[in-house]
Amino acid sequence: MATRPGPLTEWPWQRLGNFKYLVMGPVVVDGARRVVARGWGDIDLAFALILPSLLLRMAHNQIWISAARYQTARSKHRIVDRGIEFEQVDRERGWDDQIILNGLLFYAGYLAIPSARHLPAWRTDGAAVMALLHAGPVEFLYYWFHRALHHHFLYSRYHSHHHSSIVTEPITSVIHPFAEHMVYYVLFAIPMLSTVYIGNASVLGIVVYIAYIDFMNNMGHCNFELVPKWMFQVFPPLKYLMYTPSFHSLHHTQFRTNYSLFMPFYDYIYNTMDKSSDQLYESSLRGTEETPDLVHLTHMTDLQSAYHLRIGFASIASRPSDSSMWYMWVLWPVAWLSMVLAWVYGSSTFVVERIKLGKLKMQTWAVPRYNFQYGLSWERESINDLIEKAILDADARGVKVLSLGLLNQAKQLNGGGELFRQKYPKLTVRLVDGSGLATAVVLKSIPHDAKQVFLHAGPSKIACATAFALCERGVQVIMNPKKEYDMLKSQIADSKASYLKHSSNHTPQIWLVDNIDDKEQKMAPQGAIFVPISQFPIKKIRKDCTYLSTPAMKIPETMQNIHACENWLPRRVMSAWRIGGILHALEGWTMHECGDAMMHTEKAWSAAIRHGFIPLTKA
């Protein structure tokens, strides 16, 4: 919101939440009535394109969002090198409000203006008139209205909402209070309504004009420079007719310069051109190569995770992953398409985020594969090839630490990363699975006064380390499967072996689990505490039991550019395995923590606390 919200700040359908699209109901009903009465052949093109054009605009904007987030994570051409936080994502969640408004206004105009009906598909003279009217009245009036918005009275009541975003994203361009948007639509209506009344308007002319506005708006706020220098060299006057992302970014950082809409010549005329515009353009285009200190290697999880990535749908990524939401199922064709494309064309990892903690620079790379593919025996070799390629790429670039996330560290896949360490003994990048800190988090989640725990887990690295540590502490560890019990029994010291017990009917209150089905959960006593020891959460079916989070910690406030949730974890919470890699980079530890090697749990825990990571639960 603006610092002092004025009248008509709130959008009329703001309180409807995700049901705001219902306001387009009259358009849909009217369209259905026309089809039933006249058939598809008699539907006016201008009316028929109202809804499809809105969907195309949403797709156009989403492409810009994903491209900008991908480029600002990996590209050297970033303009403003600062982070985006959850507050900005929440503020910009309603970027589609103006598209809904656009649809309603077009529908109202179609009904109210007889000459707006039965327009031809295209008229070149009408498009030329629209271009001239935009360059003249629209750009001129916008310039002075924009300057007025920066007067304290209007700025505090309206325009400060837009300028709350110092680091812009494409959708920042349309984040304005309702009243401000209405003025913009009056301005943009000048070319469209003029051609309608003149008689040379066309359906595609109007659609193309709106697409031009969207394109320029998105480009100007994308925060990476993409306009090539040769365009201005071939046609020098273009610098007065088209702005660049770096030109408009100065308006968001300096506030009192570069007021123009898309054509900077009014800033030249009225001497409001920022003197550093050309210099920033040159430096942003040239860019600066950056090598991350740490790379976290993750992968897709379920099909819906494609749009939970921060380069996917921004508002979805800013919340914990939840495939039960109704709109997640509406988007299932997108999920399937992305999976097929990733499977067929995904020949390397891709960058999904870039974060900072002090001087430590981090990137997250994703393997373009999903959970179910990791379980296919014929896919293991190709997945390992992708992981190996990422490791060698990181090593060649001088990355210090590469942490293996989720199933990329699976023992049955590559021995928890040991396969690559053995294959490339001269690796300078350190491979880390974060098991030391993950074990520490599990141990700290168990109450200090606990005397017994039930270990319901396979022979994983975390399960073994946790069992050994509990036995050392004098806590009795009860297991049911005889095979896993015998394996652990053979590895534990004789002096502590008595604390490991096999039992099929004794079930303590504290359950350490990695994978458990509904039937097994029902065997737990009332009031049981389920402590996950794997990276994947437990399905919650018991209301009389307590479910703890998967091993994770809250991140320090100084960690920047965090505006997406890590899978199912809450905001600003990170898995212990991933934090383990961060600690290796921060502390400069030189060991590989993969395969059977594990960082001492107390050493990892102390380092995490020292660097500002906070436990989720207190034992």
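Residues numbered from 1 in each chain as written. Predicted model: local features only at pLDDT ≥ 70, side-chain atom pairs only at ≥ 80, totals over all residues. Heavy atoms only, no water.

> Quick one: what's the story with the environment of Pro177, residue by residue and with numbers?
Summarising the element assignment, Pro177 is placed in the loop between α7 (152-163) and α8 (178-198). Looking at Pro177, the relative accessible area reads 3%, which means it is buried. Measuring from C-alpha to C-alpha, the distance between Pro177 and Glu10 comes to 6.3 Å, with 167 residues separating the pair along the chain. Beyond its immediate chain neighbours, meaning those up to four positions away, Pro177 contacts Leu8, Thr9, Trp11, Tyr158 and His161. (Helix = DSSP H or I, 4+ residues; strand = E, 2+ residues; numbered from the N terminus. Buried < 20%, exposed > 50% of the residue type's maximum accessible area, 1.4 Å probe, protein only. Contact = heavy atoms within 4.5 Å.)

> A description of the sheet that holds strand β14 (residues 573-575) should follow, citing residues and the corresponding values.
Here three strands make up an open sheet; going across it, the order is β14-β12-β15 and the pairing antiparallel. Edge positions in the open sheet fall to β14 and β15 (614-615), since each of these has one partner strand only. Relative to β15, strand β12 (residues 552-554) runs antiparallel, the two being bridged by two bridges. Bridged to Lys554 within β15 is Ile614. (Pairing = 2+ DSSP bridges.)

> Which residues make up the sheet that holds strand β9 (residues 510-513), and what values do they have?
With parallel pairing, the six strands of this open sheet are ordered in space as β8-β7-β6-β9-β10-β11. A single partner strand is all that each edge strand has here, and the edge strands are β8 (500-502) and β11 (546-547).

> Describe the nonpolar core, listing the residues and the values that go with them.
In this structure, Leu437, Leu455, Val477, Leu512, Met559, Ile582 and Phe613 are the most contacted members of the largest nonpolar core, which totals 57 residues. Both domain 2 (294-436 + 568-615) and domain 3 (447-553) contribute no fewer than three residues apiece to this core. The residues contacting Val477, other than those within four sequence positions of it, are Val453, Leu455, Ala467, Leu470, Cys471, Tyr499, Leu500 and Lys501. Judged by nonpolar contacts, the second largest core, of 56 residues, contains Val27, Ile100, Leu187 and Ala201. (Core = buried A, V, L, I, M, F, W, Y, C linked by side-chain atoms within 4.5 Å. Domains from an automatic or database assignment.)

> Residue-level account of the side chain of Glu418, with values.
Along the chain, Glu418 falls in helix α21 (residues 418-423). Polar side-chain contacts of Glu418 include one of 2.8 Å to the side chain of Arg421. Among residues more than four places away in sequence, those in contact with Glu418 are Cys594 and Gly595. (Polar contact = N/O pair within 3.5 Å; in protein donor to acceptor, adjacent residues only side chain to side chain.)

> Can you break down the UniProt feature "domain: Fatty acid hydroxylase" (unreviewed entry) in the protein residue by residue, with the values?
Within this numbering scheme, the UniProt entry marks residues 136-272 as carrying the feature "domain: Fatty acid hydroxylase" (unreviewed entry). Its end C-alpha atoms 18 Å apart, residues 136-272 is made of 66% helix and 0% strand. (UniProt positions renumbered as here; feature names shortened; annotations may be inferred.)

> I'd like a rundown of the packing of aromatic side chains, residues and numbers included.
One pass over the full model with this rule turns up 25 aromatic pairs. Between Tyr143 and Tyr270, the ring centres sit 5.4 Å apart and the planes meet at 20 degrees, which makes this aromatic pair stacked. On the criterion of sequence distance, the pair formed by Tyr143 in helix α6 (residues 124-149) and Tyr270 in the loop between α13 (265-269) and α14 (277-286) is long-range, its members being 127 residues apart. When the ring of Phe536 is compared with that of Trp568, the centres are 5.5 Å apart and the planes differ by 45 degrees; the resulting orientation is tilted. Here Trp568 lies in the loop between β13 (559-560) and β14 and Phe536 lies in the loop between β10 (529-532) and β11, a separation of 32 residues in the sequence. Looking at Trp568, the relative accessible area reads 23%, which means it is partly exposed. Taking NZ or CZ as reference, Arg157 lies 4.0 Å from the ring centre of Phe153, over its face. (Phe/Tyr/Trp six-rings, centres within 6.5 Å; stacked < 30°, edge-to-face > 60°. Lys NZ or Arg CZ within 6 Å of the ring centre and 35° of its normal.)

> Describe the pairing of strand β4 (residues 401-404), and please don't skip the residues or the numbers.
Burial along β4 is two-sided: the residues Val401 and Ser403 and Leu402 and Leu404 are all buried. Examined bridge by bridge, strand β1 (residues 294-299) and β4 share four bridges and lie parallel to one another. Looking across to β4, one finds that Leu297 is bridged to Leu404. Bridging between β4 and strand β5 (residues 430-432) involves three bridges; their strand directions are parallel. Along β5, the bridge assignment pairs Val401 with Arg430.

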